[in-house]
Amino acid sequence: MKSSRNRRKTAYKTGRSKWPLASLAVLTLALLAGAAGFRWLLNAHQSTVGGPYELLDTQQHRITQDNFRGRYTVLYFGYTHCIDICPLTLDTLSAALERLGPEGRTIVPIFISVDPQRDTPTVMRNYLARFSPRIVGLSGTPDQLKPVLTAFHVTVHRQDTKAPDYRLDHTSILYVMDRRNHLAGMIPIDDSAEQMAADLARILHRD
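Residues numbered from 1 in each chain as written. Predicted model: local features only at pLDDT ≥ 70, side-chain atom pairs only at ≥ 80, totals over all residues. Heavy atoms only, no water.

Chemist: Sorry if this is basic, but what is going on with the sheet that holds strand 5 (residues 136-139) here?
Modeler: Reading across the sheet, the 7 strands line up as 2-1-5-4-3-8-9 and stay open at both edges, with mixed pairing between neighbours. The open sheet terminates on both sides in strands that have one partner only, identified here as strand 2 (62-64) and strand 9 (183-187). Strand-to-strand, the axes of this sheet are offset by a mean angle of 35°, without reference to chain direction. Looking at chain direction, strand 1 (residues 54-57) and strand 5 are connected through 2 bridges and run antiparallel. Opposite D57, over in strand 5, you have L138 as the bridge partner. The strands that helix 5 (residues 121-128) touches are strand 4 (107-113) and strand 5; relative to strand 5, the one it contacts most, it runs at about 150°. (Pairing = 2+ DSSP bridges. Helix = DSSP H or I, 4+ residues; strand = E, 2+ residues; numbered from the N terminus. Axes fitted to C-alpha atoms, helices over the stretch in contact; angles between N-to-C directions. Contact = heavy atoms within 4.5 Å.)

Structure, rendered in structure tokens:
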């Protein structure tokens, strides 16, 4: 298992992005600054992160943000062949929602695959069952995913374009969206389940 320091380095790898380089530098500093940095980042970029989406769930039903209107959602972008960070993040998020009890059941966790080539509906369904039946798995074609990745400033880089077991570097942050699909907060994946639950409760209680 990677150390927390190495996980953090991977988690905030942004690659090429639509944000200007200066903004990416500020983003990195804010993330490394911890909670205070996240609060500042949220205030500075709340209106520029997130937006509408239209993808398919593991039953191949069309899903948009309107399916979750009136409920908080937590979005995480990853892929099922990830060997460490993605499964650890999903496991921690599931534990955090359990810690919140009834309040946690009002939040919809959503896993959006950045690897449509391998993450078929069946693969996604079997993978997410390992963590929690509550997690909604979404994916789509590259053309369907592109505007969603752009809206959330998520970048993806394939390490080896030829190997079938290729790995992906991708932006790894939890996006908490409010009842109207507006960004309510961002939570670092390095949080423990206890801290993540506290972060989620604080966001919910601001409303």
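Let's pick the thread back up.
Chemist: What am I meant to see in helix 6 (residues 142-151) here?
Modeler: Helical periodicity: at 3.6 residues per turn, an α-helix aligns residues three or four positions apart in one direction. Those residues of helix 6 that fall on the buried side of the exposure criterion are L145, V148, L149 and A151. The buried residues of helix 6 occupy an angular sector of 160° when the element is viewed end-on, so they sit on one face. Away from its buried face by more than 90 degrees, helix 6 exposes P142, D143 and K146. Contacts from the buried residues of helix 6 go to strand 1, strand 3 (72-78), strand 4 and strand 6 (156-158). (Buried < 20%, exposed > 50% of the residue type's maximum accessible area, 1.4 Å probe, protein only. Arc of directions from axis to C-beta.)

Chemist: Explain the pairing of strand 9 here, please?
Modeler: Successive residues of a regular strand alternate their side chains across the two faces of the sheet. Taken across its 5 residues, strand 9 has 5 buried, putting it largely inside the fold. Looking at chain direction, strand 8 (residues 174-177) and strand 9 are connected through 4 bridges and run antiparallel. Across the sheet, the residue bridging to Y175 is M186, located in strand 9. Joining the antiparallel neighbours strand 8 and strand 9 is a turn of 5 residues, in which N181 adopts a positive phi near 65°.

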